[in-house]
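Residue strings, one per chain:
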Amino acid sequence: MKNGSPRLDLLIRNARIVDGTGAPSFTGSVGVRGDRIVAIEPSDVEAEATATLDVDGRVLSPGFIDVHSHDDFAVVFEPEMGFKVEQGVTSEIVGNCGIGAAPHECARGFSNAIFPGHQLPPWNGFAGYLDYLDYLDENPPSLNVGTLAGHGVLRQAAMENPRGAPSAGELSRLRDSLRCALEEGAVGYSSGLIYDPSRWATTEELVALAREMSRTGGLYATHMRDESRLLLDSVAEAIRVGSEGGVPVQISHHKASGRASWGLVHDSLRLIEEARAQGGDVTADQYPYTAGSTILSAVLGWLTGESDEGLRMEPCDVVIASNPDDPSLEGLSIADIARQWEIAPADVARRIVEQGQLRVWVVLHTMCEDDVQTVLRHPTTMIGSDGIQTPAGKPHPRLYGTFPRVLGRYARDLAILSLEEAVRRMTSFPAEKFGLRDRGTIRVGAHADLVVFDPETIADTATWTDPRRAPEGIRHVFVNETSVVRDGAHTGARPGRSLRGPVR
Ligand code: ZN
Ligand code: CU
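If you're wondering where the values come from, they're calculated on a predicted model, not measured in any experiment. Along each chain, the written sequence defines residue order, and numbers are assigned to residues from 1. Labels are handed out in written order, letters beginning with A for the chains and numbers beginning with 1 for the ligands. Given that this is a predicted model, residues contribute local features only at a pLDDT of at least 70 and side-chain atom pairs are listed and counted only at 80 or more, while totals for whole chains, interfaces and linings are drawn from all residues. In computing side-chain values, all of the structure's heavy atoms are included and hydrogens and water are not.

1. Brief notes about the coordination of the zinc ion (ligand 1)
Under ideal tetrahedral coordination, the four donors around a metal are separated by 109.5 degrees; under ideal octahedral coordination, the six donors are separated by 90 or 180 degrees.
Link 1 in the chain: Note on the zinc ion (ligand 1): its protein donors are C97 (SG), H223 (ND1) and H253 (NE2). The metal-donor distances range over 2.1 Å.
Link 2 in the chain: Look at where the donors of the zinc ion (ligand 1) fall in the sequence and you get C-x125-H-x29-H. For Na, K and Ca the donor cut-off is 3.2 Å; for every other metal, N, O and S atoms count as donors within 2.8 Å. Water does not enter the count, which can leave sites looking incomplete.

2. Considerations on the pattern of salt bridges
Link 1 in the chain: Here, a salt bridge means any side-chain nitrogen of Lys or Arg that lies within 4 Å of a carboxyl oxygen of Asp or Glu. Inspection of the entire model under this criterion finds 35 salt bridges.
Link 2 in the chain: For the salt bridge of D438 with R36, the shortest nitrogen-to-oxygen distance reads 3.0 Å. Linking D438 in the loop between α16 (428-433) and β18 (450-453) with R36 in strand β3 (residues 36-41), this pair joins segments that are 402 residues apart in sequence.
Link 3 in the chain: A simple rule labels every residue: compare its accessible area, found with a 1.4 Å probe on the protein chains alone, to the largest value its type can have, and call it buried under 20%, exposed over 50%, or partly exposed in between. On the basis of relative accessible area, D438 is assigned to the partly exposed category, the value being 29%.
Link 4 in the chain: Since its relative accessible area comes to 28%, R36 is described here as partly exposed.
Link 5 in the chain: The closest approach of N and O atoms between R398 and D386, which form a salt bridge, is 3.5 Å. With R398 in helix α14 (residues 398-413) and D386 in the loop between β17 (381-383) and α14, the pair connects residues that are 12 residues apart, well separated along the chain. For helices the rule is a DSSP run of H or I covering at least 4 residues; for strands it is a run of E covering at least 2, with both sets numbered from the N terminus onward.

3. Some words on the domain arrangement of the chain
Link 1 in the chain: Boundary definitions for the domains trace back to an automatic or database domain assignment. Looking at the chain, the domain boundaries give domain 1 (8-62 + 443-456 + 470-493), domain 2 (64-290 + 367-433) and domain 3 (291-365).
Link 2 in the chain: Every residue pair with non-hydrogen atoms within 4.5 Å of one another is taken to be in contact. Between domain 2 and domain 3, the residue contacts involve 19 residues of the former and 21 residues of the latter.
Link 3 in the chain: Accessible-area loss on putting two parts together, using a 1.4 Å probe and summing over both, is the definition of buried area adopted here. Interface area for domain 2 against domain 3, summed over the two sides, is near 1600 Å², with a carbon-plus-sulfur share of 59%.
Link 4 in the chain: At the junction of domain 2 and domain 3, the tally comes to zero salt bridges.
Link 5 in the chain: As used in this structure description, the phrase polar contact means that two N or O atoms lie within 3.5 Å; if the pair is within protein, one of them must be able to donate a hydrogen and the other to accept it, and residues adjacent in sequence are counted only when both atoms belong to side chains. Along the contact surface separating domain 2 from domain 3 lie four residue pairs in polar contact (both at pLDDT 80 or more).

4. Quick look at the layout of surface pockets
Link 1 in the chain: Cavities and pockets were defined on a 1 Å grid built from protein atoms only: a cavity is a group of points that admits a 1.4 Å probe but offers it no way out, a pocket is an open group of points flanked by protein on both sides within 12 Å along at least five of seven lines, and a lining residue is one with an atom within 4 Å of any such point. Grid points are joined across faces, edges and corners, and a volume is the space filled by probe spheres set on the points. Computed from the structure, the second largest pocket encloses a volume of approximately 370 Å³.
Link 2 in the chain: Lining the second largest pocket we find 18 residues, and of these G258, R259, A260, R312 and M313 sit closest to its centre.
Link 3 in the chain: Taken domain by domain, the lining of the second largest pocket gets at least three of its residues from each of domain 2 (64-290 + 367-433) and domain 3 (291-365).

5. Here we look at the coordination of the copper ion (ligand 2)
Link 1 in the chain: For the copper ion (ligand 2), the full set of protein donor atoms is H68 (NE2), H70 (NE2), C97 (SG) and D386 (OD), and the range of their distances to it is 2.0 to 2.3 Å.
Link 2 in the chain: Just to be clear on the cut-offs, tetrahedral is four donors with all angles between 85 and 135 degrees, square planar is four donors and octahedral six with opposite donors over 155 degrees apart and all others between 65 and 115, and anything else goes down as irregular. Around the copper ion (ligand 2) sit four donor atoms, and with donor-metal-donor angles ranging over 85 to 167 degrees the site reads as irregular.
Link 3 in the chain: Along the chain, the residues that donate to the copper ion (ligand 2) are spaced as H-x1-H-x26-C-x288-D.
Link 4 in the chain: A separation of 2.8 Å is found between the copper ion (ligand 2) and the zinc ion (ligand 1), which share C97 as a coordinating residue. Taken together, the residues H68 in the loop between β6 (64-66) and α1 (74-77) and D386 in the loop between β17 and α14 connect sequence positions 318 residues apart. Assigned by exposure class, H68 and D386 land together as buried.

Now the structure itself:
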């Protein structure tokens, strides 16, 4: 093997190499030394190495990148992140949907809601991201972590009344804190336009912040204002923030929610294509399921009929995922509980929100399979789980199954994507979009974030009723050269690093 003189740390041989670029796979060997890939041979070779792994013709690909995670706090409190690395994920982006881990005083409330009784370690600073990322380097999780700056948290920190419009002074504070967050290592900023207080922003505010970001680099990721009947208006708004602000756009969890909106993804994809044809860098991410998940309080108005936008959600489609105050409700729909309690579904929802506030998570069965496949087929879609770990309850199974589900169900079984293309959507494509240097491809010089899986058996096993199940078919996972999954089991190693954004 042409690997220079010193001996390899690791030789992975007899592999079907899927390099992440979308190029056809080939059989070969990969040599690793000092956390980088140092040799790739299109043949099975013998070489001097401290450790040799014969993978018996299984696929060797770059580690998967989850661009849409909500595990800002899980990486602190459950740093082994088994539910994620056991899927083959080696890097993830947190800080999505306007929510974020910094600054500390604003993030603490949300952290308490997700991990009750866990004390968020202190991090300081004006924006707080530098301390957060430094904390992760000093107390590393098992995978690499990058973060967006959450627009909702920026608002909380910069505004006296974040549920309204910023004054001129507050808008300039918002700009300053975003610039600071980017200088501290955030890879962009995220909005959550259905959540308080991000939803109070006008398009002009989002553009003003994007303009600020355009001077330093970083992308705008958005949980849009409406993913139902007003989906197209929402996509148009996201595109406008990108074009007027001069920044790349990432549409989070692209979907059409609610029966009346099914099929609209054909038009939203067309809007993305048109924006790209005009030079805009607009892409999206998706989780491969026909149900979503969020906190119950965010959809309360859709159940009670009191939402400003006139959106409706059926009580039978809304299932309690996690409710620490009364776990016996987990797995039941609002309609089920209404029958049990013999009161109206809207009152059920009100009562549970009153008791549980931000702690109640729901699964929303509101999408159709055709749309999921249409979005997944489209070349502008990458993969993001949108998963969030909670210490108890029945989380959405995407937390455990997203990546194997794309490779098993959608690539192999339904042939929606080739294996090579499916891997590209979870490796080089997201690495390029989120500016993760030297990750997401198997090439000489890249970081040794690698996964070995069996393309014949890879499958998600997590279900709605039994979601905490590891997938099948993931054999080995390496993060920065260190083995975190060996023969399908977590090794306990925590070699993750912070991934810092464009301003360095
Ligand atoms: Zn979201
Ligand atoms: Cu999200």
